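These are the residues of each chain, in order.
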Amino acid sequence: MTDLPNVIETEALTRRFGDFVAVNSISFQVKAGEIFGFLGANGAGKTTAMRILCGLLSPTSGKARVAGYDVYTESESIKQQIGYMSQKFSLYENLTVRENIRFFGGIYGLSAAEQKRKSDELITRLGLSHEANKLVGSLPIGWRQKISFSTALLHQPKIVFLDEPTGGVDPITRRQFRDMIYETAHSGISIFVTTHYMDEAEYCDRVSIMVDGAIAALDTPDRLKQQFVANSMDSVFLQLARHARRNE
Amino acid sequence: MPAISVNNIIKTYDKGNILALDKVSFDVQQGELFGLIGADGAGKTTLFRLLTTLLLPDSGTAQVLGFDTVKDFWAIRKIVGYMPGKFALYQDLSIIENLEFFATVFNTTIAQNYHLIEDIYVQIAPFKDRLAGKLSGGMKQKLALCCALIHEPKVLLLDEPTTGVDPVSRKEFWDMLDRLRARGITIVVSTPYMDEALRCDRIALIQKGRILDIDTVEGILAKYPKRLYAVRSENMFRLLSDLRQYSQTDTCFAFGEYLHLSLKNGEADAPATEAYLQSRQHAQLSFKPVAPTIEDAFIELMQAQ
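Numbers given for residues are sequential positions, taken from 1 along each chain in its written order. Here every chain gets a letter starting at A, and every ligand a number starting at 1, in the order they are written. Where local features are concerned, this predicted model is filtered to residues with pLDDT of at least 70; where side-chain atom pairs are given and counted, the filter is 80 or more; whole-chain, interface and lining totals use all residues. Hydrogens and waters are ignored; side-chain quantities use all the structure's heavy atoms.

Draft legend 1. Structural detail: the overall build of chain A. Each helix is a run of H or I in the DSSP string that is no shorter than four residues. Each strand is a run of E no shorter than two, and both are numbered from the N terminus. A count of helices and strands for chain A gives nine helices and ten strands. Radius of gyration here uses only the C-alpha atoms, and the compact-globule reference equals 2.2 Å multiplied by the residue count raised to the power 0.38. The C-alpha atoms of chain A give a radius of gyration of 18 Å, which matches the 18 Å a tight globule of 248 residues would have. On the principal axes, the C-alpha backbone points of chain A span a range of 50 × 40 × 35 Å. Relative to its 248 residues, chain A shows a buried fraction of 56%. Each residue gets one of three labels from its accessible area relative to the maximum for its type: buried under 20%, exposed over 50%, partly exposed in between, using a 1.4 Å probe on protein chains only.

Draft legend 2. Examining empty space enclosed by the protein more closely. All names here are of chain B. Here a cavity denotes a set of grid points, spaced 1 Å apart and computed over the protein atoms alone, in which a 1.4 Å probe fits but from which it cannot get out, and a pocket denotes an open set meeting protein on both sides within 12 Å along at least five of seven lines; residues with an atom within 4 Å of a point are reported as lining. Grid points are joined across faces, edges and corners, and a volume is the space filled by probe spheres set on the points. Evaluation of the coordinates by the stated rule reveals two cavities of 30 Å³ or more. Of the pockets and cavities examined, the largest cavity occupies roughly 60 Å³. The wall of the largest cavity is formed by Y224, K226, L228, T251, F253, F255, H260, D296, I299, E300 and Q303. When contributions to the lining of the largest cavity are tallied by element, the ones reaching two or more residues are β12 (249-255) and α10 (294-304). The dominant element in the lining of the largest cavity, judged by the number of residues it contributes, is α10, at four residues. Three classes are used: nonpolar for Ala, Val, Leu, Ile, Met, Phe, Trp, Tyr, Cys and Pro, charged for Asp, Glu, Lys and Arg, and polar for all others, with Gly counted as polar. Residues that form the lining of the largest cavity fall into these classes: five nonpolar, three polar and three charged. Here the second largest cavity is characterised by a volume of approximately 40 Å³.

Draft legend 3. Local environment of the state of the cysteines. In what follows, a disulfide is any cysteine sulfur pair within 2.5 Å. Applying the stated criterion across every chain, the model contains zero disulfides over all chains. Free of any disulfide, C146 of chain B has its nearest cysteine sulfur in C147 of chain B, 6.8 Å distant.

Draft legend 4. Structural view of the sheet that holds strand β4 (residues 61-66) of chain A. All names here are of chain A. For two strands to count as paired, DSSP must find a minimum of two bridges between them. On the basis of which strands lie adjacent, the open sheet formed by four strands has the order β2-β1-β4-β5 and antiparallel pairing. This sheet does not close on itself; its edge strands, each paired only once, are β2 (20-31) and β5 (69-70). Looking at chain direction, β4 and β5 are connected through two bridges and run antiparallel. Across the sheet, the residue bridging to R65 is D70, located in β5. Residue contacts are counted whenever heavy atoms from the two residues lie within 4.5 Å of one another. To obtain an axis, a line is fitted to C-alpha atoms, over the contacting stretch when the element is a helix, and the angle between two such axes runs from 0 to 180 degrees between their N-to-C directions. Along the sheet, helix α1 (residues 46-53) contacts β1 (6-17), β2 and β4; its crossing angle with β1, the most-contacted strand, is approximately 125 degrees.

Dropping the structure here:
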């Protein structure tokens, strides 16, 4: 994986709000096709960092490039190269499956013909032919997650940001979703994921853990466990985050 | 007398079209820390709302410390403390005003029961004049627990208190529950996090309104019927595809850093499976027996349904 290009590069990336340093000089890279876990306690600065990388917020200082574009000057180009999915907001419940897919296709700049082709293709691939004209609100949460993830990939982004993607679903559905993540990463799209499930951190290629705005550790789950003499990522996380000064 | 007794409860919504609870029965003993483990839509919140007398069952009965949830609802409301899944305190009252309000409603004072909330309250006391609506998630959770405890309930019902909370705060919260249990309070807590089952005396695994099993964690794991293997290699995606296609594979799911694999003929298939993976040239292959986790057991019970 070492010879693949970087999709995210940051150097001393910092964001202040007044006197408060939300993100404090973080430096890291994410490679093409990598599953990158971005962990931290509530209030550690994850959301602020993620908003910068999605082109929604300017940093105060430092450098960052996402999909080759600069976060200060090319944030609109970044938005076209990324996908985003969150547990909190995913799809319009009072639109049908097909309407949602076409809507997001339109937002991501696909032509009408492409929207139609892509939505047909996606509905077939997800095995949702019978549900295509049903309201999304009537579908189980696990299906909604799969549709939501797939719509975030419609425009073939270089990287997809998953913000707490799998809360509240049963263990089989969680694993089906994980299979989709593996498959997507295998196709060369990078996955940038935040989660409070520490077992989800175990399947990431690399994991960073933020404490009080800084990156306190960054490595493969195996090496982090060796370094902290821990048998799980949960234990690594607790050792690092327990002494955080900031509490949300 | 059990602290809680639920007998064959059926509850539907939408004129019978949605079956929320399907003949659910279980007991919780006094002083027990009992976990309801299940995903969104399993029926956990419906159960809490029945036990707190806020909903009526279609059929079946439930008792809390011997009081019937329909007939004796007034007695039950005095002895249970309830922390709903959604933050339900007054957002435009401060921390201390919320707490005083709940104490007054139950005809008591903060001073009288301060010993019960002290460990938790000291953590939010520096912000006691801040409006509840302006608190962080972790602080709201602590305030809600204080308000649920201020009338010295015998039974504490906590609906997904740790959802969306980071692992450090989750651990602290469960430590608090241990201390409350040590005071003799019966606690029923629901959670979608399977690993939290390990903190409970007994658990009920719930899926789509039905109880899949009720037991101690050890009891549930002891009943797990299959031989499981933990498998990993350098390329986990290819490993998963290869195992899913393999003729002797029974189930194969990603579990943390490993795949958990069960085989159609159990141990008898293991040597051939390992040879098959070697023939597929997986680098750094690791193949070893592994004990099931509570999630393996949950998946097995879901598939058996």
